[in-house]
Amino acid sequence: MITFKNVFKEYGNGVMALSNINLTVPRGDFVFLVGSSGAGKSTLVKLLIREESVTRGNIYIHNQDITKLTKTQVPRLRRNISVVFQDFRLLAKRNVYENVVFPLEVQGHSRAYNKEHVEHALELVGLKDKAKSYPSELSGGEGQRVSIARAIVNHAPYLVCDEPTGNLDEHTAMEIMAALENINKAGTTIIMATHAINIVNTMQKRVITLKGGKIESDVERGSYYEMV
Ligand code: ADP
Ligand code: ADP
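Residues numbered from 1 in each chain as written. Chains lettered and ligands numbered in written order. Predicted model: local features only at pLDDT ≥ 70, side-chain atom pairs only at ≥ 80, totals over all residues. Heavy atoms only, no water.

- The chain goes by Cell division ATP-binding protein FtsE in an unreviewed UniProt entry, where it is assigned to Peptoniphilus equinus.
- Comment text from UniProt for the chain, heading Subunit (unreviewed entry), reads "Homodimer. Forms a membrane-associated complex with FtsX." (UniProt positions renumbered as here; feature names shortened; annotations may be inferred.)

Okay, structure coming up:
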């Protein structure tokens, strides 16, 4: 379970990006984080992966308060929570297999262990036949699915996605959502920040709406209506 308790984030310039955020995400959930630009979605994601630190409050992952982690402990956080960005961030000189195996290599498992887990991750995103391709040879949707495979290969229980379909057309975006739904069904808890109204309304999952740094609503099987 992830818990935010009275979380505030104020940037150095005085912008209060998040104020008094309280929420819980149980294991197995699929949660959309929505809201117009500047609402605080990216900030919430950055706090979860400790790319930014809270100004006040606590964030618990598995009963561990991640706001208390020291800099040297932060890399270990990625074993519990991994992340997918809008801009895939693949290594151009490595093929698909080599990109996906990357997070496992530092852990010192056997080659057979790595192979099994990379193949399983590629299978979950429907890319088993692309293992030898290079990023430049992939479509946008395939590139994002590789980045998702890399994020799940170490079986972190939580996956955070920040606008994962932002660079993709509608059809390709739905392929990404199918891959994420597969991954969620296989047991990974997913938190996805997005502007994509159609996706949110099609998927019928939990929807947390941020507005001006506050939680405006939090509904099961919700929809997203952007207030103009
Ligand atoms: P969203 O992802 O919903 O568009 P953000 O979390 O990026 O929202 O931004 C929330 C608010 O915090 C905005 O007012 C934004 O300008 C501000 N903000 C975001 N990042 C920074 C930063 N690094 N320094 C100062 N202000 C920031
Ligand atoms: P998105 O809307 O795609 O989430 P943003 O425009 O909110 O992207 O932010 C893009 C980057 O710029 C982020 O790294 C964010 O932290 C930073 N940023 C956003 N607003 C500000 C700001 N007012 N001052 C400094 N950095 C900012």
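## Structural notes on the site of ligand 2
Right, on to step 1. By nearness alone, every residue bordering ligand 2 is listed as Ser 37, Ser 42 and Lys 46.
Right, on to step 2. Taking Lys 46, its side chain carries an N or O atom lying 2.6 Å from an oxygen atom of ligand 2.
Right, on to step 3. Its free accessible area being 560 Å², ligand 2 has 30% of it covered by the protein chains. (Near = heavy atom within 4 Å. Polar contact = N/O pair within 3.5 Å; in protein donor to acceptor, adjacent residues only side chain to side chain. Areas by Shrake-Rupley, 256 points an atom, 1.4 Å probe, with all protein chains shown as cover.)

## Observations concerning the nonpolar core
Right, on to step 1. Within the largest apolar cluster, 40 residues are counted, with the highest numbers of intra-cluster contacts made by Phe 32, Val 100 and Leu 180.
Right, on to step 2. Among the secondary structure elements, those contributing two or more residues to this core are strand 3 (30-34), helix 3 (96-105), helix 4 (111-124), helix 5 (140-152), strand 7 (158-162), helix 6 (170-185), strand 8 (189-193) and helix 7 (197-203).
Right, on to step 3. The greatest single-element share of this core, amounting to six residues, is contributed by helix 6.
Right, on to step 4. Viewed by domain, this core spans two of them, domain 1 (1-80 + 157-228) and domain 2 (90-155), each represented by three or more residues.
Right, on to step 5. Once residues lying within four places of it in the same chain are set aside, the contact partners of Leu 180 are Phe 30, Ile 148, Leu 159, Cys 161, Ile 190 and Met 192.
Right, on to step 6. Core analysis: the second largest hydrophobic core is formed by 30 residues, Leu 47, Ile 59, Leu 77 and Tyr 158 among them. (Core = buried A, V, L, I, M, F, W, Y, C linked by side-chain atoms within 4.5 Å. Buried < 20%, exposed > 50% of the residue type's maximum accessible area, 1.4 Å probe, protein only. Helix = DSSP H or I, 4+ residues; strand = E, 2+ residues; numbered from the N terminus. Domains from an automatic or database assignment. Contact = heavy atoms within 4.5 Å.)

## A few points about the site of ligand 1
Right, on to step 1. Close to ligand 1 lie Tyr 11, Asn 13, Val 15, Ala 17, Ser 36, Ser 37, Gly 38, Ala 39, Gly 40, Lys 41, Ser 42 and Thr 43.
Right, on to step 2. Tyr 11 places a side-chain nitrogen or oxygen 3.4 Å from a nitrogen atom of ligand 1.
Right, on to step 3. Contacts to ligand 1 include Lys 41, whose side-chain N or O atom sits 2.9 Å from an oxygen atom.
Right, on to step 4. Coverage of ligand 1 by the protein amounts to 65% of the 560 Å² it exposes when considered alone.
Right, on to step 5. Class assignment of the residues belonging to the shell around ligand 1 gives a composition of four nonpolar, seven polar and one charged. (Nonpolar A, V, L, I, M, F, W, Y, C, P; charged D, E, K, R; others polar.)

## Focus: the packing of aromatic side chains
Right, on to step 1. Evaluated as defined, the whole model comprises one aromatic pair.
Right, on to step 2. Measuring from centroid to centroid gives 5.4 Å for Phe 30 and Phe 32, while their planes differ by 50°, and the two rings are tilted. Taken individually, Phe 30 and Phe 32 each receive the classification buried, so the pair is uniform in this respect.
Right, on to step 3. Lying across the ring of Phe 8, Arg 56 places its NZ or CZ 4.3 Å from the centre.
Right, on to step 4. Sitting over the ring of Phe 85, Arg 89 keeps its end group 3.7 Å from the ring centre. (Phe/Tyr/Trp six-rings, centres within 6.5 Å; stacked < 30°, edge-to-face > 60°. Lys NZ or Arg CZ within 6 Å of the ring centre and 35° of its normal.)

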